[in-house]
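Given next are the chains, with one letter for each unit.
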Amino acid sequence: MRIWVWLLLMLPGLWVKANHIFIPMDETQTNHLKAYGTAYHSLKNGYEIQWLINYRGGSFVLPFTAEVRTECLLKGIAFEVIPDARLNSILAEISLPEVNADVVKLEKAPKIAVYSPKENKPWDDAVTLAMTYAEIPYDVVYDREVMDGKLKEYDWLHLHHEDFTGQLGKFYRSYRHLDWYKEEEKVNLQTAKMYGYTKISELKKAVVRKIRDYVESGGFMFAMCSATDTYDIALAAMDVDICASVFDGDPADPDAQSKLDFSKTFAFQDFKLEMNPNVYEYSDIDVTDTRKVREGDDYFVLFEFSAKWDPVPTMLCQNHENMIKGFMGQTTAFRKDRIKSSVLVMGENKVANEARYIHGEYGKGTWTFYGGHDPEDYQHLVGDPVTELDLHKQSPGYRLILNNVLFPAAKKKQHKT
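Residues numbered from 1 in each chain as written. Predicted model: local features only at pLDDT ≥ 70, side-chain atom pairs only at ≥ 80, totals over all residues. Heavy atoms only, no water.

Some thoughts on the overall build of the chain
And then number 1: Counting its secondary structure elements, the chain contains 14 helices and 15 strands.
And then number 2: Here the C-alpha atoms of the chain give a radius of gyration of 23 Å, agreeing with the 22 Å that 2.2 N^0.38 yields for 417 residues.
And then number 3: Dimensions of the chain, computed from C-alpha atoms along their principal axes, come out at roughly 85 × 40 × 40 Å.
And then number 4: The buried share of the chain, reckoned over its 417 residues, is 57%.
And then number 5: Long-range contacts, defined as pairs at least 24 residues apart, comprise 76% of the intrachain contacts of the chain with a sequence gap of at least 6.
And then number 6: Working note: accessible area of the chain is about 18300 Å², and carbon and sulfur atoms make up 53% of it.
And then number 7: Taking the 49 positively charged and 61 negatively charged side chains of the chain as two groups, their mean positions are separated by 4 Å. (Helix = DSSP H or I, 4+ residues; strand = E, 2+ residues; numbered from the N terminus. Rg over C-alpha atoms; globule rule 2.2 N^0.38 Å. Buried < 20%, exposed > 50% of the residue type's maximum accessible area, 1.4 Å probe, protein only. Contact = heavy atoms within 4.5 Å. Areas by Shrake-Rupley, 256 points an atom, 1.4 Å probe, with all protein chains shown as cover. Lys, Arg positive; Asp, Glu negative; His and termini not counted. Charge placed at Lys NZ, Arg CZ, Asp CG, Glu CD.)

Next comes the structure, spelled out in C-alpha cells:
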C-alpha cells in the first residue's frame, strides 16, 4: 500500500519532467485519422506543434497537457510521453544532412470551409467524412456565401463533389426524373437569378472566378473527384457556352472546343470536351472510361520529396505507406499528357500513365487536386451507404486528405514548392 501511495505522489512530478507528447504516425499508430484531430485541437487551444515530416510517417510532437493525454487515451491514439532529452535526440537525428526528414512548426488552426450544397444529396464526401471523424470543425458554404464574399473569412477551402460547368453533374440521362435532381436544378437556377444570371452555368463561372481570386490572394484550395476537372474546364470555358440545351435552354457553341483558353486553367491543358449531355463525362482529362486497370492491380505511388528542400509536397505526402490502393470516382485520375508542365505530380500510376494527386501554386495561394471519390470504397455509387471510418482508422488514402487540412497551419515561409 505504501508503494502505491508513493507512486501516486510522484506521478505529477514525473509528468512535469515529461514535457512532450509524441504521436507516431508510422505503422505503430492505432488511429491515424483521430491523431490529426488531436493535433488540430491543440492548435485551436493555442499550442504550437512540431510536425516531424518523414520521421516515422510524419509524427507529431505536442506540448504535454493532461487534457491531450486524456484525449489520446479516449480516442485510442497511440502516443508516448517523452522528456526534453528524448525530443532533443530525435531532433538531432532529423537535423543530420543524410536524413530525409525535417521539422515543420504548426502555429495556428486553419479556419475551414467546405463548398457543398446545403440540401441532402444521395452521395457523401470523403473530406467531410474525414473531418467529422477526426472531430475537426468546418463550415459549409455554397454559391450565396461565395458570391457574397465570405471566402475571405477562411484559410482552407474544400470543393465538395461538384460540377462547375453548369451541367448538373452530367446526371441528365440517368437521374433527371428524380426529385433530388429536379430540386438541385431549381435551387441553382433560383440562386443564379438572384445574382443577375439567367443560366446555372453563368452562376458557376462567377463562383469559379471568386474561388480563383480567393486562391490568388493566399487561400488554400483542395478538391476531389469531379470538382477537380470541372473547375479547370470552367476556367478554360469562361467566355464560351459548352452546355447543351437540356441544361440551359439553348445549344452549346459549335466552336466551343476551339475557343477554350488553357492559359486560364490551374492544372490542365489541351483537353477535349465531352459535349454529349447523355454521356457521364466532361472531358478526356479523366481516365475513368479509358483506363484498363483491374481493381486488384489498382494502386498509385506517392513520390518521395526532399523534406529539407521541398517541405510543401513532403507535408502533403506524409504517410505510413507510399503505395496507396486506388479508388474510382466520376473523375478517377488524370491523364498525364493533359497536365501542365508547371504542375507537381505527387502520386501516380506510372504503368497506366495517370496522375492521382497533384499540386500547384496560383498567386499567393495553392491548390491540390485528388482524383477519386472515396479512398475506402472502390466504386462508390449514387445512393451507396456512408463509409464507416471507424473501420478504416489507419487509411493511407484518407491521410492524404487530412495532410491538406493541416497544411495551412505551417509557417508561411515554408509554403514553397
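We are not done yet, so read on.
Some points on the packing of helix 8 (residues 179-194) against helix 9 (residues 200-216)
And then number 1: Relative orientation of the contacting elements helix 8 and helix 9 amounts to 65°, with a least axis distance of 8 Å. By the criterion of interaxial angle, the relationship of helix 8 to helix 9 is roughly perpendicular. Crossing of helix 8 over helix 9 shows left-handed handedness. Mapping the contact onto sequence places Glu185, Asn188, Leu189, Thr191 and Ala192 in helix 8 and Ile200, Leu203 and Lys204 in helix 9.
And then number 2: Residues belonging to the contact of helix 8 with helix 9 are distributed by class as follows: 4 nonpolar, 2 polar and 2 charged. (Axes fitted to C-alpha atoms, helices over the stretch in contact; angles between N-to-C directions. Parallel < 35°, antiparallel > 145°, perpendicular 65-115°, else oblique. Left-handed = near helix turned anticlockwise from the far one by under 90°. Nonpolar A, V, L, I, M, F, W, Y, C, P; charged D, E, K, R; others polar.)

Topic: the sheet that holds strand 2 (residues 49-53)
The strands making up a sheet associate through hydrogen bonds between their backbones, and the pairing can be parallel or antiparallel.
And then number 1: Read from one edge to the other, the open sheet built from 5 strands follows the order 4-1-3-2-5, with strand pairing classed as antiparallel. Among the strands making up the open sheet, the edge pair consists of strand 4 (80-82) and strand 5 (102-106). In this sheet, adjacent strand axes meet at a mean angle of 25° when their direction is disregarded.
And then number 2: Examined bridge by bridge, strand 1 (residues 20-23) and strand 4 share 3 bridges and lie antiparallel to one another. Residue pairing in the sheet places histidine 20 in a bridge with isoleucine 82 of strand 4.
And then number 3: In this fold helix 2 (residues 32-44) packs onto strand 1, strand 2, strand 3 (59-63) and strand 5, with an angle of close to 35° to the strand it touches most, strand 3. (Pairing = 2+ DSSP bridges.)

Concerning the pattern of salt bridges
Close approach of charged atoms lets side chains of opposite charge pair.
And then number 1: Scanning the model with the defined rule gives 23 salt bridges in all.
And then number 2: Its salt-bridge partner being aspartate 26, residue arginine 56 comes within 2.8 Å of it at the nearest N-O pair. Of the two residues, arginine 56 sits in the loop between strand 2 and strand 3 while aspartate 26 sits in the loop between strand 1 and helix 2, which places them 30 residues apart along the sequence.
And then number 3: A residue is classified by how much of its surface remains accessible, and arginine 56, at 27% relative accessible area, is partly exposed.
And then number 4: In this structure, the salt-bridge partner of aspartate 241 is lysine 199, at a minimum N-O distance of 3.2 Å. (Salt bridge = Lys/Arg side-chain N within 4 Å of Asp/Glu carboxyl O.)

Points about the side chain of glutamine 318
And then number 1: One can find glutamine 318 in the loop between helix 13 (311-316) and strand 11 (323-325).
And then number 2: One polar contact links the side chain of glutamine 318 to the main-chain amide nitrogen of asparagine 54, over a distance of 2.6 Å.
And then number 3: When sequence neighbours within four positions are dropped, the list of residues in contact with glutamine 318 reads Tyr36, Trp51, Leu52, Ile53, Asn54, Gly57, Gly58, Arg399, Leu400 and Asn403. (Polar contact = N/O pair within 3.5 Å; in protein donor to acceptor, adjacent residues only side chain to side chain.)

Describing the pairing of strand 1
And then number 1: Of the two faces of strand 1, the one carrying His20 and Phe22 and the one carrying Ile21 and Ile23 are both buried.
And then number 2: Here strand 1 runs beside strand 3; their pairing, made up of 4 bridges, is antiparallel. Paired with isoleucine 21 across the two strands is leucine 62, which belongs to strand 3.

Points about the pairing of strand 10 (residues 299-302)
And then number 1: Alternating residues of strand 10 divide into Phe300 and Leu302, all buried, and Tyr299 and Val301, none buried.
And then number 2: With 2 bridges connecting them, strand 10 and strand 13 (residues 344-349) associate as antiparallel partners. Looking at strand 13, one finds that valine 301 is bridged to glutamate 348.

Some thoughts on helix 3 (residues 66-75)
And then number 1: For helix 3, the complete set of buried residues consists of Val68, Glu71, Cys72 and Lys75. Taken around the axis of helix 3, the buried residues stretch over an arc of 100°, which confines them to a single face. When the buried face of helix 3 is taken as reference, the exposed residues oriented beyond 90 degrees from it are Leu73 and Leu74. (Arc of directions from axis to C-beta.)

Let's talk about the side chain of asparagine 319
And then number 1: Within the element layout of this structure, asparagine 319 appears in the loop between helix 13 and strand 11.
And then number 2: Side-chain polar atoms of asparagine 319 contact the side chain of histidine 320, separated by 3.4 Å.
And then number 3: Residues contacting asparagine 319, with those up to four places away along its chain left out, are Gly57, Leu302, Ile324, Pro396, Arg399 and Leu400.

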